[in-house]
Amino acid sequence: MIIQQFYDKGLAHASYAVIRTGKMILIDPARDPLPYYSLAAQHNADIVGVIETHPHADFVSSHLEIHQVTDAVIYCSKLTGATYPHETFDDGDVIQLNDVKLKAINTPGHSPDSICILLVDEEGKETAVFTGDTLFVGDVGRPDLRENVGNITAKKEELAKQMYLSTRHKLMTLPKNVIVYPAHGPGSLCGKNMSPDLQSTIGREIQENYALQLMDEATFIKTLMADQPFIPKYFGYDVELNKTGAAKFQQSIDNIVKFEADIQLQEKIAIIDSRPKTLFSAGHIPGAINLQDGDKFETWLGSILQPDEKFYLVAEDDDTADLLVKKAAKIGYESNIMAIQLSPQNIIENLPDLDLKDFKARPENYTIIDVRNTNEVNEGKIFKHAINIPLPELRERIDEIPADKPIVVHCAAGYRSAAATSIIAGTISEVPVYDLGEVVTEFAKNVHGS
């Protein structure tokens, strides 16, 4: 038997293939199905099934496309309300993969329709559990993503209570040597305290995972709900899209138009400029947002733009454009791209350089905008009089920024502040807008004594 983990660092997403004597079953596959087809060909295996542990909020799954191409059966909980062809997979249900069994365990908590999949080997031994977003290494799934979306909605307090029961009565009762294969690793917004390890055991999690320690239900609920990260704008959209199934990956991205010459861009359409901030600062299209290519591009794209918001994409070169379109497709945003511009012509705007010496001497002469997330700011402000507006909320709260003094923007390391500076400068023209950038780390060391 072969268990293959596929890991997407950008979304911190893990998917899996289980292969046994020429047959393969996939668990929580990513948007691009090609890696799974390649593995099947490598092992001369047929993809016979795809299991969805729940309708994912943070990425678009390729389950429908894989079914359409390979005729594999899609399995999911009956509570999902799936409209694609599927077979239900709930407590007591078993998928026979030759002489290996995959057993469904209903584990509500992250979502009302979450399941885990217990792998029983050819000798009848429980050897592994694919935990989806229920149990991570060092954490459990957040309970606050299904209050307004999905086939079944539930308040976060109720889901946190269900998570308490699912972990105590379902997962923690498994043999301690059962291997845990989660759907996410560190950096995912589906939890708050994930370990860098991408697999574990039930025994290790009972011993080390804060959420599995001895505590009563009320304490667990309070602990789980505290300090959860922000919810990107695209999360609810992806839940609904995964309930129906997305368009085929390659066909969808092939429909996007590229152009190198200058064209007339439609007004009031967002422009995402992915070039390095040095190029952007030197010249950019008026109103463009500098969301640089990086490990978390897709997360920030889906946090700044609404799921139904069209946009133009500016890229430094053809290869970068292709990569970013695929990243956008991972969250279902590729259909929002109006066109891709490789050689922007109307780059008449630039961003000024901050006089760092003057800023250090007289920071009170500036309006400082801190675009870090609320939980980061709660751990300590870098500038006492800074106004905190997290980047995902900035476009909606731009009116809260006074325009009576020069504006300085900072985050934790410079990536988010580049995007935020461009957003503010595109709206406020009365005063200069400066990006503190990476220099903020010097101020942070002074504040935190490190």
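Residues numbered from 1 in each chain as written. Predicted model: local features only at pLDDT ≥ 70, side-chain atom pairs only at ≥ 80, totals over all residues. Heavy atoms only, no water.

Asker: Sorry if this is basic, but what is going on with the pairing of strand β16 (residues 270–273) here?
Answerer: In regular strands, side chains alternate between the two faces of the sheet. Taking every second residue as pointing to the same face, both faces of β16 are buried, with A270 and I272 on one and I271 and D273 on the other. Direction of pairing for β16 relative to strand β18 (residues 311–314): parallel, over a ladder of four bridges. Looking at β18, one finds that I272 is bridged to L313. Note on the crossover from β16 through helix α8 (residues 277–282) to strand β17 (residues 289–290): the handedness is right-handed. (Buried < 20%, exposed > 50% of the residue type's maximum accessible area, 1.4 Å probe, protein only. Helix = DSSP H or I, 4+ residues; strand = E, 2+ residues; numbered from the N terminus. Pairing = 2+ DSSP bridges. Right-handed = clockwise from strand over helix to strand, strands pointing away.)

Asker: When you look at the side chain of N106 in this model, what are you seeing that I'm missing?
Answerer: Mapped onto the elements, N106 comes out in strand β8 (residues 100–106). Among the polar contacts listed, one links the side chain of N106 to the backbone nitrogen of D91, at a separation of 2.5 Å. For N106, the contacting residues outside a window of four places in its chain are S77, D90, D91, S114, I115 and K170. (Polar contact = N/O pair within 3.5 Å; in protein donor to acceptor, adjacent residues only side chain to side chain. Contact = heavy atoms within 4.5 Å.)

Asker: What should I look at first to understand helix α9 (residues 297–304) in this one?
Answerer: Two residues of an α-helix separated by three or four positions point the same way, owing to the 3.6 residues in each turn. The element α9 is largely enclosed, with a buried count of eight among its eight residues. Of the residues making up α9, those classed as buried are F297, E298, T299, W300, L301, G302, S303 and I304. The secondary structure elements touched by the buried residues of α9 are β16, β17, β18, α10 (318–330) and α13 (415–425).

Asker: Please explain the state of the cysteines as it appears in this structure.
Answerer: Here a disulfide denotes a covalent bond joining the sulfur atom of one cysteine to the sulfur atom of another. One pass over the structure, following the stated rule, counts zero disulfides. There is no disulfide at C76, and the cysteine sulfur nearest it, in C116, is 15 Å away. C190 supplies the cysteine sulfur nearest to C116, a cysteine that is in no disulfide, at a spacing of 14 Å. (Disulfide = S-S within 2.5 Å.)

Asker: Would you mind going over the sheet that holds strand β4 (residues 46–51) with me for this structure?
Answerer: As a general point, the strands of a sheet are linked pairwise by backbone hydrogen bonds and lie either parallel or antiparallel. Spatial strand order, β1-β2-β3-β4-β5-β6: six strands in an open sheet with mixed pairing. Edge positions in the sheet fall to β1 (2–8) and β6 (87–88), since each of these pairs with one other strand and no more. Of the pairings in the sheet, the one linking strand β3 (residues 23–27) to β4 comprises five bridges and is parallel in character. Bridge pairing links I25 to G49 in β4. Here helix α2 (residues 63–70) sits on the sheet and contacts β3, β4 and β5 (73–76); the angle it forms with β4, its principal contact strand, is near 150°. (Axes fitted to C-alpha atoms, helices over the stretch in contact; angles between N-to-C directions.)

Asker: So what exactly am I meant to see when it comes to the pattern of salt bridges here?
Answerer: For side chains of opposite charge, pairing can occur when their charged atoms come near one another. This model, assessed by the stated rule, comprises 25 salt bridges. Note that R204 and D197 form a salt bridge whose closest N and O atoms lie 2.7 Å from each other. Of the charged contacts, one joins D273 and R275 as a salt bridge, the two residues approaching to 2.8 Å between their closest N and O atoms. We note that D273, like R275, is buried. (Salt bridge = Lys/Arg side-chain N within 4 Å of Asp/Glu carboxyl O.)

Asker: Is there a simple way to think about α2 in this case?
Answerer: Listed as buried for α2 are H63, L64, E65, I66 and H67. Each element contacted by the buried residues of α2 is listed here: β3, α1 (34–42), β4, β5, α6 (235–244) and α7 (249–254). Positive phi appears at D71, one or two residues downstream of α2, with a value of about 70°.

Asker: What is the right way to read the packing of helix α3 (residues 156–171) against helix α5 (residues 217–225) from this model?
Answerer: Two numbers describe a pair of packed helices, the interaxial angle and the distance between the axes. Viewed as axis vectors pointing N to C, α3 and α5 meet at an angle of 115°, and their least axial separation amounts to 9 Å. For the element pair α3 and α5, the recorded crossing hand is right-handed. Mapping the contact onto sequence places K156, E157, A160, K161, M163, Y164, L165 and R168 in α3 and E217, F220, I221, L224 and M225 in α5. By residue class, the composition of the contact of α3 with α5 is eight nonpolar, no polar and five charged. (Left-handed = near helix turned anticlockwise from the far one by under 90°. Nonpolar A, V, L, I, M, F, W, Y, C, P; charged D, E, K, R; others polar.)

Asker: Teacher, can you tell me more about the sheet that holds strand β10 (residues 126–132) here?
Answerer: Sheet architecture is open: six strands sit in the order β7-β8-β9-β10-β13-β14, paired in mixed fashion. Two strands lie at the open edges of the sheet, namely β7 (94–97) and β14 (200–201), each paired on one side alone. Taken together, the four bridges between strand β9 (residues 115–120) and β10 define a ladder with antiparallel strand orientation. Paired with V120 across the strands is E126, a residue of β10.

Asker: Honestly, the packing of aromatic side chains in this entry has me stumped. Any pointers?
Answerer: Each aromatic ring pair is characterised by the separation of its centres together with the angle its planes make. Here the structure, examined in full by the defined rule, presents 14 aromatic pairs. On the basis of an interplanar angle of 20° and a centroid distance of 5.5 Å, the ring pair of F230 and W300 is categorised as stacked. Of this pair, F230 sits in the loop between α5 and α6 while W300 sits in helix α9, placing them 70 residues apart in sequence. Overall, the relative accessible area of 18% leaves F230 in the buried class. In this structure an aromatic cluster arises from ring pairing among Y234, F235, Y237 and Y333. (Phe/Tyr/Trp six-rings, centres within 6.5 Å; stacked < 30°, edge-to-face > 60°.)

Asker: Whenever I open this one, the side chain of E52 confuses me. Can you help?
Answerer: Positionally, E52 belongs in the loop between β4 and α2. R146 provides the closest opposite charge to the buried, unpaired E52, separated from it by 11 Å. Setting aside residues no more than four positions away along its own chain, E52 makes contact with D28, P29, S61, H63, Y75, C76, Y84 and I115. (Lys, Arg positive; Asp, Glu negative; His and termini not counted.)

Asker: Would you explain empty space enclosed by the protein in this entry?
Answerer: Remark: the empty space left among the atoms is shown by a probe the size of a water molecule rolled over them. Throughout the structure, instances matching the rule amount to three cavities of 30 Å³ or more. What the largest cavity holds in volume is close to 60 Å³. Forming the boundary of the largest cavity are G10, L11, D58, G187, S188, L189, Y234, F235, K296 and T299. (1 Å grid on protein atoms, 1.4 Å probe; cavity = no way out; pocket = protein on both sides within 12 Å on 5 of 7 lines; lining within 4 Å. Points joined across faces, edges and corners; volume = space filled by probe spheres on them.)

Asker: Looking at this model, I keep getting lost on the packing of α9 against α10. Mind explaining?
Answerer: For the pair α9 and α10, interaxial distance at closest approach is 9 Å and the crossing angle is 60°. Classified by the interaxial angle, the pair formed by α9 and α10 is oblique. Judged by the sense of rotation from one axis to the other, the crossing of α9 with α10 is right-handed. Contact residues: F297, E298 and L301 in α9; L324, K327, A328 and K330 in α10. (Parallel < 35°, antiparallel > 145°, perpendicular 65-115°, else oblique.)

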